[in-house]
Amino acid sequence: MSVKSAPSKETLEKIIEKIPTPFHLYSEERLLKQVRGFLNAFSWNKKFKEYYAVKACPTPAILKILKDEGCGVDCASECELMLAEAMGFKGDEIMFSSNETPKGEFAYAARLGAIINLDDYTLIDSLVLEGGVPERVCMRYNPGGEFKLGTSVMGNPGDAKYGMTREQLTLAVKKLMKMGVKEFALHAFLASNTTDNTYYPTMARILMTVAKEIKEELGAKIFMINLSGGVGIPYRPEENEADIYAIGEGVKKAYEEICVPSGMQDIKIASELGRYITGPTGWLVTCAIHEKHTHKEYIGVDACAADLMRPAMYGAYHHITVAGKENAENTKVYDVVGSLCENNDKFAVDRPLPEIEMGDILVIHDTGAHGRAMGYNYNGRLRSAEVLLKQNGEFELIRRAETPRDYFATLDFTHVLDDVLPKA
Ligand SMILES: *Cc1c(COP(=O)(O)O)cnc(C)c1O
């Protein structure tokens with residue numbers, strides 16, 4: 001069981017007085033708890049680094065908090081690199097994990113001194129052409145087949161577009177060593193959103209074993225094992241949380257059994273978590289504005305899938321509470337819907353909830369990762385604001401909501417719209 005808490009109705013009402021719904025709200029206190037707990041679980045590794053996966057919440061105020069806690073960033077595109085640079089992340093505080101990398105991005109990553117996570121053997125030439133020969137390269141491994149933990153199948157790396165085969169890793173290291181690369185790291189991403197405590201330890205063993213082989217076969221120096229993302233969160237209250245201390249201990253055991261005896265005791269362990277770090281620290285706050293009683297019972301809210309795409313895209317569950325009615329009985333069954341002209345614009349389907357009145361504040365939980373970040377403008381809907389609830393109880397608007405001017409900003413005829421658009 002996991003506890004689903006949210007800021008109180010009083011706190012939400014205080015914010016709504018200043019900032020209209022819908023908005024994404026983040027808790028600094030919860031964010032610090034997530035990141036500090038995780039770093040603590042890996043403090044046995046002196047060089048440990050969490051490279052926060054920027055894509056999960058590319059919001060400067062959030063990145064600033066994580067930077068102050070000692071995190072780096074994992075970027076995958078030019079704009080994510082720009083954000084990292086603007087936030088003051090430097091050199092090996094940045095991982096660049098792109099795939100199908102567009103022209104020019106390796107050059108930029110190299111200029112920043114980022115650690116490049118090479119997705120494929122065939123990218124070596126463009127990497128070197130654009131950015132010269134780096135001192136260090138990380139390589140993304142795809143073992144293929146099915147990835148199992150115990151008896152459960154966690155994913156199908158063989159179907160995933162990422163990473164290189166085991167044979168290609170050897171070829172890549174040979175080629176890069178010949179070009180002058182001095183040190184290597186290994187990376188893999190084999191399961192998504194798993195709270196199974198054996199995930200990281202199992203993958204650590206796989207990567208450490210390959211590292212040992214490559215070291216022994218080719219004499220390559222391996223400086224880092226990057227466990228990437230994938231540690232999950234319980235979206236449903238009945239699910240369990242990941243035990244990060246058990247995870248940290250499991251990886252330590254793999255390190256002691258594989259790295260230490262093979263002379264890799266000074267290796268750095270790294271992670272690139274996104275969801276685990278910010279997912280539970282955010283809520284989408286929205287108001288009930290319509291009710292509809294047809295073949296089903298509908299509650300219409302002022303947020304829509306353009307603010308949070310996961311339910312529409314994956315049928316993902318997000319817990320919903322009604323502010324002030326947290327302890328009320330679930331006497332109703334609703335579909336909670338947004339306004340998009342798409343029938344999948346439903347935050348919840350057949351969800352038992354307390355009776356909802358118009359004007360009630362609905363809190364959609366665990367939206368701090370892949371929430372605002374996956375927002376879009378379909379149907380001419382504008383993306384919401386982001387608000388940070390600070391440890392001292394104050395709140396701050398950290399990104400304003402989009403306006404119609406933002407929506408039309410890429411067009412040449414904004415002047416034609418001048419009479420139509422609200423004055424700035
Ligand atoms: C998405 C991604 C992550 C973060 O994944 P989470 O599931 O949010 O932890 C880390 N590394 C890479 C390369 C990714 O693409």
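Residues numbered from 1 in each chain as written. Predicted model: local features only at pLDDT ≥ 70, side-chain atom pairs only at ≥ 80, totals over all residues. Heavy atoms only, no water.

Draft legend 1. Quick peek at the overall build of the chain. When helices and strands are tallied, the chain shows 13 helices and 19 strands. Taken against the 2.2 N^0.38 rule, which gives 22 Å for 424 residues, the C-alpha radius of gyration of the chain at 23 Å falls within 12% of a compact globule. The dimensions of the chain, computed from C-alpha atoms along their principal axes, are 70 × 55 × 45 Å. Residues classed as buried in the chain amount to 53% of the 424 residues present. Put simply, 69% of the contacts in the chain that link residues at least 6 apart link residues at least 24 apart. Split by element, the accessible area of the chain, about 19100 Å² in all, is 50% carbon and sulfur. (Helix = DSSP H or I, 4+ residues; strand = E, 2+ residues; numbered from the N terminus. Rg over C-alpha atoms; globule rule 2.2 N^0.38 Å. Buried < 20%, exposed > 50% of the residue type's maximum accessible area, 1.4 Å probe, protein only. Contact = heavy atoms within 4.5 Å. Areas by Shrake-Rupley, 256 points an atom, 1.4 Å probe, with all protein chains shown as cover.)

Draft legend 2. Summary view of the sheet that holds strand β11 (residues 268–271). A barrel is described by the order of its strands in space; here eight strands give the closed sequence β2-β3-β4-β5-β6-β9-β10-β11, paired in parallel fashion. Here the average twist between neighbouring strands, direction ignored, is 25°. Relative to strand β4 (residues 94–96), strand β3 (residues 72–75) runs parallel, the two being bridged by three bridges. Looking at the pairing, Cys-75 lines up with Phe-96 of β4. Each of β5 (115–118), β6 (136–140) and β9 (183–187) is contacted by helix α7 (residues 166–179), which is oriented at about 165° to β6, the strand it contacts most. (Pairing = 2+ DSSP bridges. Axes fitted to C-alpha atoms, helices over the stretch in contact; angles between N-to-C directions.)

Draft legend 3. Spatial organisation of helix α8 (residues 199–218). Taking 1.5 Å per residue as the helical rise, α8 with its 20 residues ought to reach 28 Å, and the 28 Å between its terminal C-alpha atoms agrees with that figure. Taken together, the buried positions of α8 are Tyr-199, Tyr-200, Pro-201, Met-203, Ala-204, Leu-207, Met-208, Val-210, Ala-211, Ile-214 and Leu-218. (Expected span 1.5 Å × (residues − 1).)

Draft legend 4. View of the site of the ligand. Around the ligand there are 13 residues in total, and Lys-55, Gly-230, Glu-272, Gly-274 and Arg-275 lie nearest to it. One of the backbone N or O atoms of Gly-274 is found 3.1 Å from an oxygen atom in the ligand. Between an oxygen atom of the ligand and a main-chain N or O atom of Arg-275, the distance comes to 2.8 Å. In the complex, the protein chains occlude 90% of the 390 Å² of accessible area that the ligand would expose alone. Of the residues that constitute the shell around the ligand, the class distribution is three nonpolar, five polar and five charged. (Near = heavy atom within 4 Å. Polar contact = N/O pair within 3.5 Å; in protein donor to acceptor, adjacent residues only side chain to side chain. Nonpolar A, V, L, I, M, F, W, Y, C, P; charged D, E, K, R; others polar.)

Draft legend 5. Here's a closer look at empty space enclosed by the protein. Scanning the entire structure with this criterion turns up two cavities of 30 Å³ or more. Approximately 140 Å³ is the volume attributed to the largest cavity. In terms of lining, the largest cavity is formed by 16 residues, of which the most central are Arg-30, Pro-234, Glu-241, Pro-280 and Asp-366. Looking at the lining of the largest cavity, its residues break down into seven nonpolar, five polar and four charged. (1 Å grid on protein atoms, 1.4 Å probe; cavity = no way out; pocket = protein on both sides within 12 Å on 5 of 7 lines; lining within 4 Å. Points joined across faces, edges and corners; volume = space filled by probe spheres on them.)

Draft legend 6. Highlighting the nonpolar core. Phe-42, Leu-118, Met-139, Tyr-200, Met-208 and Ile-269 are the most contacted members of the largest nonpolar core, which totals 88 residues. The element best represented in this core is α8, accounting for ten residues. If you count residues domain by domain, this core takes at least three from each of domain 1 (26–279) and domain 2 (280–417). Contacts of Leu-118, omitting those with residues within four sequence positions, involve Phe-106, Leu-123, Ile-124, Leu-127, Val-137, Cys-138, Met-139, Arg-140, Met-164 and Leu-176. Leu-308, Phe-347, Ala-348 and Ile-364 belong to the second largest nonpolar core, which has 16 residues in total. (Core = buried A, V, L, I, M, F, W, Y, C linked by side-chain atoms within 4.5 Å. Domains from an automatic or database assignment.)

Draft legend 7. Looking closely at the packing of aromatic side chains. Evaluated as defined, the whole model comprises eleven aromatic pairs. Between Phe-96 and Phe-106, the aromatic rings sit 6.2 Å apart at their centres with planes inclined by 85°, giving edge-to-face as the arrangement. With a gap of ten residues between them, Phe-96 in strand β4 and Phe-106 in helix α5 (residues 105–112) connect regions that are remote in the sequence. The residues Phe-96 and Phe-106 share a single accessibility class, namely buried. Ring geometry for Tyr-407 and Phe-408: centres 5.0 Å apart, planes at 85°, overall edge-to-face. Following the ring pairs from residue to residue traces out a cluster consisting of Phe-38, Phe-42, Trp-44, Phe-48, Phe-147, Tyr-199, Tyr-200, Tyr-255 and Tyr-276. Above the plane of the ring of Phe-89 lies Lys-67, whose end atom (NZ or CZ) is 5.6 Å from the centre. (Phe/Tyr/Trp six-rings, centres within 6.5 Å; stacked < 30°, edge-to-face > 60°. Lys NZ or Arg CZ within 6 Å of the ring centre and 35° of its normal.)

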